[in-house]
Structure formats: structure tokens, C-alpha cells
Amino acid sequence: MRTGAQPLTRSDPRTAPWPYDPERARRLVAEARADGVRTDTTLTRIGRNGIYPKAAEATEVVQDGLLKAGLKVRIRMLDVSPPRNTSASPG
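Residues numbered from 1 in each chain as written. Predicted model: local features only at pLDDT ≥ 70, side-chain atom pairs only at ≥ 80, totals over all residues. Heavy atoms only, no water.

S.K.: Looking at this model, I keep getting lost on the overall build of the protein chain. Mind explaining?
M.R.: Looking only at helices and strands, the protein chain has two helices and two strands in total. Moving toward the C terminus, one meets the helices and strands of the protein chain in the order α-β-α-β. The buried share of the protein chain, taken over its 91 residues, is 10%. Taking as baseline every contact in the protein chain between residues at least 6 positions apart, the subset at least 24 positions apart corresponds to 64%. Per element, the accessible surface of the protein chain, about 8100 Å² overall, is 54% carbon and sulfur. (Helix = DSSP H or I, 4+ residues; strand = E, 2+ residues; numbered from the N terminus. Buried < 20%, exposed > 50% of the residue type's maximum accessible area, 1.4 Å probe, protein only. Contact = heavy atoms within 4.5 Å. Areas by Shrake-Rupley, 256 points an atom, 1.4 Å probe, with all protein chains shown as cover.)

S.K.: Sorry, what's going on with the pattern of salt bridges here?
M.R.: Two side chains with opposite charge may pair up if their charged atoms get near one another. All chains considered together, the criterion is met by three salt bridges. Note that Asp40 is salt-bridged to Arg38, the shortest N-O span being 3.4 Å. The exposure class assigned to Arg38 is exposed, which follows from its relative accessible area of 63%. Among the ionic pairs, Lys68 bridges to Asp64, the shortest N-O distance being 3.0 Å. Note that Lys68 and Asp64 are positioned in helix α2 (residues 55-68) at a spacing of four residues, about one turn of the helix. (Salt bridge = Lys/Arg side-chain N within 4 Å of Asp/Glu carboxyl O.)

S.K.: Whenever I open this one, a nonpolar patch on the surface confuses me. Can you help?
M.R.: Residues Ile51, Tyr52 and Val80 make up a contiguous nonpolar surface patch of about 270 Å² in total accessible area. On the secondary structure map, Tyr52 appears in the loop between β1 (42-49) and α2. (Patch = residues over 30% accessible without salt bridge, like charges linked within 9 Å, V, L, I, M, F, W, Y side chains within 5 Å.)

S.K.: What is the right way to read the side chain of Thr39 from this model?
M.R.: Within the secondary structure, Thr39 is located in the loop between α1 (22-34) and β1. Residue Thr39 is classed as buried on the basis of its relative accessible area of 12%. Within the structure, the side chain of Thr39 is placed 2.8 Å from the side chain of Arg33, a separation counted as a polar contact. The contacts of Thr39, once residues within four sequence positions are left out, are Val29, Ala32, Arg33, Gly70 and Leu71. (Polar contact = N/O pair within 3.5 Å; in protein donor to acceptor, adjacent residues only side chain to side chain.)

S.K.: Mind showing me how you'd approach the pairing of β1 here?
M.R.: On any regular strand, side chains alternate: one points to one face of the sheet, the next to the other face. Sheet analysis places β1 next to strand β2 (residues 72-79), joined by eight bridges and oriented parallel. Each residue of the ladder has a partner; that of Gly47, found in β2, is Met77. In terms of handedness, the path from β1 via α2 over to β2 forms a crossover that is right-handed. (Pairing = 2+ DSSP bridges. Right-handed = clockwise from strand over helix to strand, strands pointing away.)

The structure is reproduced here in C-alpha cells:
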């Protein structure tokens with residue numbers, strides 16, 4: 001899924017984004033389950049409050065996609081530490 005926004009990190013412009021394919025995700029989880037992989041374990045998706053605008057909402061979008069694929073996911077939001085002033089001289 002492309003939003004039209006530029007990525008926050010550098011990427012190779014020759015590399016195409018992965019297509020958004022929730023049906024394929026469901027199939028892959030079902031195949032893993034059929035092969036004996038435990039897919040019933042609850043995963044914890046850690047998000048960081050204040051790391052960027054709407055970080056909690058973005059974390060919920062990720063959770064929603066994983067839930068729709070057939071995985072169990074809970075969210076744990078953590079606070080970001082305030083920046084440290086590393087340029088101050090000792091006093």
C-alpha cells in the first residue's frame with residue numbers, strides 16, 4: 001500500500017514496494033500452521049509514544065493487518081526518553 005508520502009528512511013529507488021495482499025498473508029499463516037508452526041501465540045507489537053505524529057494509530061494499523069492475517073497481536077506503547085544534551089560542557 002502506497003500513501004504517496006516519501007519514505008522516512010533511504011531506500012533504493014529501483015526496488016518496488018511490496019504489494020498489499022492480505023489474502024496472501026492469510027494463506028501464508030495457514031500454510032505455516034499446517035506445517036506445524038505455532039501461530040496461536042500472542043505477539044507483542046511495541047510502539048513508541050511521541051516518536052512521530054500519530055504513532056499509536058500507526059501501530060494499530062500494523063496490528064490490524066496482522067490480526068486480519070490470522071495472528072494474535074497485542075500492542076504495548078512505551079514512552080520515548082527525552083533527548084539528552086550531549087553538547088553541553090561539564091560544569
